[in-house]
Amino acid sequence: MINVFKGYKGRALSTLKEFQMRVWGDAVIKTTRGEFSGIILPRSENDDDYHIVLKLKTGYNVGIDVNTITDMQEVGYREAHYKIPEKDFPFSPDKPRVKLFGTGGTIASRLDYRTGAVIPAFSPGELYGAVPELADICNLETEKLFAVFSENMGPKEYMKLAVAIGDEIARGVDGIVIGHGTDTLHHTAAALSYMIQKSPVPIVLVGSQRSSDRPSSDAALNLIHATTTASRCEIAEVMVCMFGPTSDEYALLHQGTRVRKMHSSYRSTFRTIGDTPLAMVTRDKFTYLKNDFNRRRKDRHVEIKPYFEEKVAMVYYYPNMMPDIIYSLIDNGYKGIVIAGTGLGHVNKPLYPAIRKCFELKIPVYMTVQTLWGYVHMFVYDTGRDLMSSGVIPTGNMLPEVAYIKLGWALGQSSDPATVKEIMLNPVCHDITEKEPYNGYLIYQGGIPEVEEFIRKFHK
Ligand code: ASP
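Below you will find a few notes about this structure. Not measured: the values here are computed from a predicted model.

Quick notes on the layout of surface pockets
Phase 1: Counted as a void, the largest pocket has a volume near 860 Å³.
Phase 2: In terms of lining, the largest pocket is formed by 27 residues, of which the most central are Ser268, Arg271, Gly440, Ile443 and Tyr444.
Phase 3: For the lining of the largest pocket, the secondary-structure elements that each account for two or more residues are strand E12 (251–255) and strand E14 (270–272).
Phase 4: For the lining of the largest pocket, a count of residues per class yields 14 nonpolar, 11 polar and two charged.

Section: the site of the ligand
Phase 1: In the vicinity of the ligand, the residues found are Gly105, Thr106, Phe149, Ser150, Glu151, Gly181, Thr182, Asp183, Ser208 and Gln209.
Phase 2: Ser150 has a polar side-chain atom sitting 2.6 Å from an oxygen atom of the ligand.
Phase 3: Within the backbone of Ser208, one N or O atom sits 3.1 Å away from an oxygen atom of the ligand.
Phase 4: Burial of the ligand by the surrounding chains reaches 95%, relative to a free accessible area of 270 Å².
Phase 5: Classifying every residue of the shell around the ligand by side-chain character gives one nonpolar, seven polar and two charged.

Regarding the packing of aromatic side chains
Phase 1: On inspection of all chains with the given rule, the structure shows eight aromatic pairs.
Phase 2: Both rings, one in Phe308 and one in Tyr404, keep their centres 6.5 Å apart while their planes meet at 65 degrees; by these two values the pair is edge-to-face. With Phe308 in the loop between strand E17 (303–304) and strand E18 (312–316) and Tyr404 in helix H10 (residues 400–411), this pair connects stretches of sequence that are 96 residues apart.
Phase 3: For Phe308, a relative accessible area of 11% corresponds to the buried category.
Phase 4: Members of the aromatic cluster, each reached through a chain of ring pairs, are Tyr158, Phe308 and Tyr404.
Phase 5: In this arrangement the basic side chain of Arg22 is found over the ring face of Tyr77, its NZ or CZ atom lying 4.0 Å from the centre.

What counts and how
- Residues numbered from 1 in each chain as written.
- Predicted model: local features only at pLDDT ≥ 70, side-chain atom pairs only at ≥ 80, totals over all residues.
- Heavy atoms only, no water.
- 1 Å grid on protein atoms, 1.4 Å probe; cavity = no way out; pocket = protein on both sides within 12 Å on 5 of 7 lines; lining within 4 Å.
- Points joined across faces, edges and corners; volume = space filled by probe spheres on them.
- Helix = DSSP H or I, 4+ residues; strand = E, 2+ residues; numbered from the N terminus.
- Nonpolar A, V, L, I, M, F, W, Y, C, P; charged D, E, K, R; others polar.
- Near = heavy atom within 4 Å.
- Polar contact = N/O pair within 3.5 Å; in protein donor to acceptor, adjacent residues only side chain to side chain.
- Areas by Shrake-Rupley, 256 points an atom, 1.4 Å probe, with all protein chains shown as cover.
- Phe/Tyr/Trp six-rings, centres within 6.5 Å; stacked < 30°, edge-to-face > 60°.
- Buried < 20%, exposed > 50% of the residue type's maximum accessible area, 1.4 Å probe, protein only.
- Lys NZ or Arg CZ within 6 Å of the ring centre and 35° of its normal.

Here's what the structure looks like:
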């Protein structure tokens, strides 16, 4: 759950008292490791008694070990106000109806989510107070389903979300927005791509890399772009809507099965892998980059398929991986395994007997590639052929996380390996494509003329 302020206690509190410091004080703290300046933040539920949490001018928070503090001084005081002024979200009969589901993450945080000093901004009134432009776009209804950081999202949440979205679509909304932590946004996007089929309206997942108290926050703009997409975009697919370039010119819409978080802190972190994004979106227009998508069609009936087998594992292969990893999955009752293999889809020889054992026990093993771009090709080397004869099934260019989610979804429907294979290899929402843009992986890395020219400007 999102942290709540518990007050300082124990050693941290006595240190603050000793130096006559206050929470929200603008502090200069001298420690044996150097000097730090910033605002002393309230302690969150999960912090220990030995650290004082400081928000640095950069916006990042650091925990300072009280045992290292030699001096502290308050040079100012800046209490934060948690409450967002609530304003009634205006209703305009001519605007589309959009439903926003909240699940948590940074986008749901008013102040930095790591401090504990956060409030979820989710009632329509709070959102309108924070981002008034939303009222120019749509009539917004909101519902907080969960309040978790996205590492805590999982099958139960995926299924609950899918059912809630199905109900809302049946009520006739024009689009769905899901506010979500960015870390596992792409897992949830894949899960919803499988669990919600034939949607008549866009289903748009959105997050933010920086909380809304930071000047560089992407929260408001991402929300504006996501609600614009849910309201008016022609693409009725499960999509991720996030910052496109590093500036705030436009957002990109990514297919839910082809998207991945690619940078731990940049706002332009989400990228389509193995394909082109579906579209660009600005406040006033969509530029469609593809045309093979399901179009918005209000008379289409959505199908909700909320299935998931939790005992599925993803194994990221590394040199010298030992077979006991696979045997322990077998012993612990795992029902399916996705391997992210090296190169074209390889693992070392010592793993072969363990993989063969999986096959004998009808535990399906699917192969994906760690390179992310490109396809599994298991016919090229003997090793690949050996693996296939041990029952390993290649999954084309399905991304490893997507194959993991799809296997959970497939095994949730059947335990028969042949049926599971049919589900796995039947492309859904472009999770497996016939070809990838040949230069997609080269963009901004060199190797194509435009990019070489771009790079030359910096290396005269
Ligand atoms: N840890 C957060 C989450 O995924 C990060 C974010 O929201 O960007 O929930």
